[in-house]
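# Remarks on the overall topology
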Amino acid sequence: MSLMLDALLLLTGWTHVLLAPYTKVEESFNLHGIHDVLMYGVSTKALPKYDHFVFPGAVPRTFIGSTLLAWAVRPIANSVLPFGLLQTKFDLQIMARLVLATTNALGLCLIRRAVSQRFGRLTGLFFAVLTCTQFHLPFWMGRTVPNMFALFLVNLSTYLLLKRAPNALRLSSATSSTIISLLTFTAVVFRAEVALFLAPVALQLLLTKNIGFRKLITVGLTASLLSIATTVLVDSYFWNQPLLWPEFSAIYFNVFQGKSAEWGVSPPLTYFTAFLPKLLLSALPLSIIGMVTDLRIFRLLLPSWIFVTLISFLGHKEWRFIVYVVPIFNVAAARTCKSLVSFPKNGRMGRILFAIPFACILANLAFTSFTTYASIINYPGGEAMRQFHALYPPHSKPVHVHICNLAAQTGASLFHHLNSPPSWPTLEPNVQSAWIYNKTEGLEIDDLLGNSRFTHLIIETPPTDRLLRRRPWKVVDSIRAFDGVKLDLSATKGLLQARDATGLIQRLSHAITSTIQIKRTDKLWILERQS
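What counts and how
- The written sequence of each chain sets the order in which its residues are numbered from 1.
- Two thresholds apply to this predicted model, a pLDDT of at least 70 for residue-level local features and 80 or more for giving and counting side-chain atom pairs, whereas whole-chain, interface and lining totals are computed over all residues.
- In computing side-chain properties, one takes all heavy atoms of the structure into account and sets aside hydrogens as well as water.
- Put simply, DSSP marks the helices as runs of H or I at least four residues long and the strands as runs of E at least two long, and each gets a number from the N terminus on.
- Note on classification: 1.4 Å probe, protein chains only; a residue is buried when its accessible area is under 20% of the maximum for its type, exposed when over 50%, partly exposed between these limits.
- The accessible surface values rely on the Shrake-Rupley method and a 1.4 Å probe; as for residues, cover is taken only from the protein chains in view.
- Residues scored as positive are Lys and Arg, those scored as negative are Asp and Glu, and His as well as the terminal groups of each chain are ignored.
- The location of each charge is read from NZ of Lys, CZ of Arg, CG of Asp or CD of Glu.
- A pair of strands is labelled paired if DSSP reports no fewer than 2 bridges between them.
- With axes taken as lines fitted to C-alpha atoms, and helix axes fitted only over the stretch in contact, angles between N-to-C directions fall between 0 and 180 degrees.
- Throughout, a residue-residue contact means that at least one pair of heavy atoms, one from each residue, lies within 4.5 Å.
- Oblique is the label for every angle not falling under 35 degrees (roughly parallel), over 145 degrees (roughly antiparallel), or within 65 to 115 degrees (roughly perpendicular).
- Following the grouping adopted for this structure description, the nonpolar residues are Ala, Val, Leu, Ile, Met, Phe, Trp, Tyr, Cys and Pro, the charged ones are Asp, Glu, Lys and Arg, and the polar ones are all others, Gly among them.
- Domain borders in the structure are assigned automatically or taken from a domain database.
- A simple way to read buried area is as the amount of 1.4 Å-probe accessible surface that goes missing from two parts once joined, with both sides added.
- We count a salt bridge whenever a side-chain nitrogen from Lys or Arg sits within 4 Å of a carboxyl oxygen from Asp or Glu.
- Two N or O atoms form a polar contact when they lie within 3.5 Å of each other; inside protein one atom must be a possible hydrogen donor and the other a possible acceptor, and for residues adjacent in sequence the pair counts only when both atoms belong to side chains.
- In this analysis the probe radius is 1.4 Å and the grid spacing 1 Å, with only protein atoms considered; a cavity is a set of points the probe fits into but cannot get out of, a pocket is an open set with protein on both sides within 12 Å along at least five of seven lines, and lining residues have an atom within 4 Å of a point.
- Grid points are joined across faces, edges and corners, and a volume is the space filled by probe spheres set on the points.
- Comment: arc refers to directions from the helix axis out to C-beta atoms.
- UniProt positions are given in the numbering used here, feature names are shortened, and annotations may be inferred rather than shown by experiment.
- The set of buried Ala, Val, Leu, Ile, Met, Phe, Trp, Tyr and Cys residues whose side-chain atoms join them within 4.5 Å is what this entry labels a nonpolar core.

Here we take up the overall build of the protein. Helix and strand content of the protein: 21 helices and 5 strands. Over its C-alpha atoms, taken along the principal directions, the protein stretches across nearly 80 × 75 × 50 Å. Relative to its 531 residues, the protein shows a buried fraction of 52%. Looking at the protein as shown, the accessible area adds up to about 24,700 Å², and 64% of this sits on carbon and sulfur atoms. The positive charge centre, built from 48 side chains, and the negative charge centre, built from 26, are 12 Å apart in the protein.

Now the structure itself:
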């Protein structure tokens with residue numbers, strides 16, 4: 001059973017990667033870092049070819065995660081080549097995301113095993129099932145945003161916090177030191193907001209006498225200095241800037257200069273009223289019950305609540321900033337589920353309580369199925385690149401395609417440049433001359449149609465017939481993608497008119513699928529110049 005639950009966590013992450021293999025703009029820095037490390041290597045001669053010198057972003061980010069992930073992918077890619085599992089450069093993107101998903105699944109498996117040891121195997125089972133039936137964490141655990149690199153290390157610290165006998169109150173000083181070191185490294189290198197989680201965790205370890213004050217200061221300072229030295233050494237090299245500490249640059253830019261407000265400011269309670277419910281689904285009320293009924297759960301959850309409160313003082317809010325606490329809340333929810341199914345079932349109340357966890361899991365599945373499907377069709381750029389390469393095989397005439405901003409932000413990554421260098425060894429494209437993939441920004445539709453360099457366009461503005469008549473272009477294809485949800489309440493009429501249970505179930509199923517409809521509209525257009 002233990003191995004089956006671990007496999008379930010792993011397969012859930014892999015399934016989300018394979019169902020939605022494309023990426024969004026927030027993933028592009030690390031994704032393109034992986035691409036460049038794989039394709040060019042890390043020598044000083046290779047660095048000028050890296051994408052981040054062309055598109056540096058608002059603030060520098062660390063290359064540590066990208067480099068380690070690329071190095072992990074390289075031997076795997078070489079080992080699967082003889083089996084035909086690596087056909088194109090885009091397969092390397094999927095492979096990198098699968099490796100990241102595997103790493104984060106490993107962290108979740110460790111937590112599940114610690115939960116089983118401390119709260120019982122049934123709690124471990126419910127932890128795995130609740131985690132797998134949520135949407136955001138499984139869908140994103142294989143995505144190359146910095147938060148997902150940080151997540152594994154935070155999950156390791158959560159595992160160490162949990163790994164003890166059922167009634168044990170204290171951890172060893174060595175374990176406490178490791179927890180502080182892991183969270184410190186994560187905050188310094190990957191995501192600075194983890195420091196707001198480290199603070200209440202360290203304070204709790206201190207107050208519960210798991211670690212002494214002098215030891216806490218010594219470990220914290222040592223870990224901080226070593227972490228700073230590591231990121232400065234690595235990232236100064238990759239960015240060609242002396243004494244560069246990327247996360248400090250991000251803190252200065254977003255917090256001290258207040259630039260994060262340019263991406264939007266949310267009300268103070270947004271994390272509590274919107275993001276936690278969205279991340280946790282039914283696990284949120286279940287976790288609150290667990291916190292009230294079990295002192296061990298209260299102690300476990302308290303630092304997470306403090307963390308969410310502290311980060312709420314920042315104006316710009318995103319669910320990714322608090323994703324690290326999802327596994328901890330799921331532990332609390334799983335403990336509640338165990339209590340509910342263990343309640344005596346010799347009465348109506350017992351049967352109702354027994355059914356609650358399974359109803360919550362079914363509700364999670366319904367929501368996750370809907371949101372997963374909506375998300376799969378929300379990457380028009382990636383789909384446009386797939387369709388473009390299907391329309392024009394490698395041996396076709398030379399291609400110079402312009403890729404618009406929307407396409408670049410919704411999946412058209414460097415791994416989609418199948419027919420141009422750099423190429424993975426043994427995957428050299430069969431082309432007479434290398435294709436050119438152009439992402440020049442700020443060009444209007446008239447500029448694009450009038451530019452004689454381009455042979456093809458992927459654009460987000462539909463050209464009018466009048467404009468096409470004046471220019472030697474034709475629309476070859478269009479890409480439909482997610483465009484919101486439509487509610488049609490009229491579909492619920494007559495729902496209760498069924499005479500038997502089977503008819504009611506059929507009407508209910510039809511009402512659900514008809515009431516909530518996903519809209520798809522044309523988002524991108526592929527154009528070809530006429531000779």
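Moving on, we come to the sheet that holds strand S4 (residues 473-487). If you trace the 5 strands from one edge of the open sheet to the other, you get S2-S1-S3-S5-S4, paired in mixed fashion. Of all the strands in the sheet, just strand S2 (436-438) and S4 have a single pairing partner and so form its edges. Direction aside, neighbouring strands of the sheet carry axes that sit 20° apart on average. With 12 bridges connecting them, S4 and strand S5 (residues 516-529) associate as antiparallel partners. Counted as the bridge partner of Leu 487 is Ile 516 from S5. Set on the sheet, helix H16 (residues 348-376) makes contact with S4 and S5; between it and S5 the angle comes to about 15°.

So, on to the packing of helix H5 (residues 121-132) against H16. Each packed pair of helices is defined by two parameters, the angle between the axes and the distance between the axes. At a minimum axis separation of 9 Å, H5 and H16 run at an interaxial angle of 25°. It follows that H5 is roughly parallel to H16 by the angle criterion. Where H5 abuts H16, its residues Phe 126, Val 129 and Leu 130 lie against Pro 357, Phe 358, Ile 361 and Asn 364. Class assignment of the residues belonging to the contact of H5 with H16 gives a composition of 6 nonpolar, 1 polar and no charged.

Side chains of strand S3 (residues 456-459) alternate between two faces, with His 456 and Ile 458 and Leu 457 and Ile 459 buried alike. The pairing of strand S1 (residues 400-403) with S3 spans 3 bridges and is parallel. Residue Ile 403 lies in a different strand from S3, and its bridge partner there is Ile 458. In terms of strand pairing, S3 meets S5 through 4 bridges, oriented antiparallel.

Looking now at the domain arrangement of the protein. Here the protein is partitioned into domain 1 (1-377) and domain 2 (380-483 + 523-529). Between domain 1 and domain 2, the C-alpha centre-to-centre distance is 35 Å. Facing the 27 residues of domain 1 at the interface are 23 residues of domain 2. In this assembly, domain 1 packs against domain 2 so that about 2,200 Å² is buried in total across both faces, 71% of it on carbon and sulfur atoms. Of all residues in domain 1, Tyr 22, Lys 89 and Ile 377 give up the largest surface area on contact with domain 2, accounting jointly for 28% of the area buried on that side. Connecting domain 1 to domain 2 are 0 salt bridges. The tally of links from domain 1 across to domain 2 stands at 9 residue pairs in polar contact (both at pLDDT 80 or more). Looking at the side of domain 1 that touches domain 2, the elements that each hand over two or more residues are helix H2 (28-40), helix H3 (64-80) and helix H4 (89-119).

Let us look at empty space enclosed by the protein. Counted by the stated rule, this structure contains 1 cavity of 30 Å³ or more. A volume near 50 Å³ is recorded for the largest cavity. Contributions of two or more residues to the lining of the largest cavity are made by H3 and helix H7 (146-162). Here the residues of the lining of the largest cavity sort into 4 nonpolar, 4 polar and 2 charged.

Position of Arg 335 relative to the elements: it lies in helix H15 (residues 326-341). In this view, Arg 335 contacts Phe 119, Thr 123, Asp 294, Arg 296 and Ile 297; residues no more than four positions away in its chain are not counted.

Listed as buried for helix H12 (residues 270-280) are Thr 270, Tyr 271, Phe 275, Leu 276, Leu 279 and Leu 280. Axial view of H12: buried residues confined to an arc of 140°, hence all on one face. Each element contacted by the buried residues of H12 is listed here: helix H6 (136-140), helix H13 (283-293), helix H14 (295-311) and H15.

A word on the UniProt feature "signal peptide" (unreviewed entry) in the protein. Using the residue numbers shown here, the UniProt feature "signal peptide" (unreviewed entry) corresponds to residues 1-19. Taken end to end, residues 1-19 is 95% helix and 0% strand, and its two terminal C-alpha atoms sit 26 Å from one another.

Bringing the pattern of salt bridges into the picture now. For the structure shown, the criterion picks out 10 salt bridges. A salt bridge links Arg 143 to Glu 27, with the shortest nitrogen-to-oxygen separation between them at 3.0 Å. Of this pair, Arg 143 sits in the loop between H6 and H7 while Glu 27 sits in the loop between helix H1 (2-19) and H2, placing them 116 residues apart in sequence. Across the pair, exposure class does not vary: Arg 143 and Glu 27 are buried alike. Through salt bridges with shared partners, a single network forms among Asp 6, Arg 112 and Arg 113.

With that out of the way, let us pick up the nonpolar core. One finds Ile 322 and Val 331 to be the most contacted residues of the largest nonpolar core, which totals 122 residues. The element that contributes the greatest number of residues to this core is H4, accounting for 16 residues. Built from parts of two domains, this core gets at least three residues from each of domain 1 (1-377) and domain 2 (380-483 + 523-529). Among all residues touching Ile 322, those that are not within four sequence positions of it are Tyr 271, Phe 275, Leu 276, Leu 279, Phe 307, Val 308 and Ile 311. With 16 residues, the next largest nonpolar core counts Ala 384, Val 401, Ile 458 and Ile 526 among its residues.

It is worth spelling out the side chain of Thr 131 at this point. Looking at the element boundaries, Thr 131 is found in helix H5. Taking the relative accessible area as the measure of exposure, Thr 131 reaches 2% and is therefore buried. With near-sequence residues (within four places) excluded, Thr 131 lies in contact with Leu 9, Leu 108, Leu 137, Pro 138 and Asn 330.

So, about the UniProt feature "transmembrane region" (unreviewed entry) in the protein. Using the residue numbers shown here, the UniProt feature "transmembrane region" (unreviewed entry) corresponds to residues 94-113, 119-137, 182-207, 219-239, 269-290, 297-315, 321-341 and 353-376. Here residues 297-315 is 79% helix and 0% strand, with 30 Å between the C-alpha atoms at its ends. For residues 353-376, the end-to-end C-alpha separation is 35 Å, with 100% helix and 0% strand making up the annotated structure.

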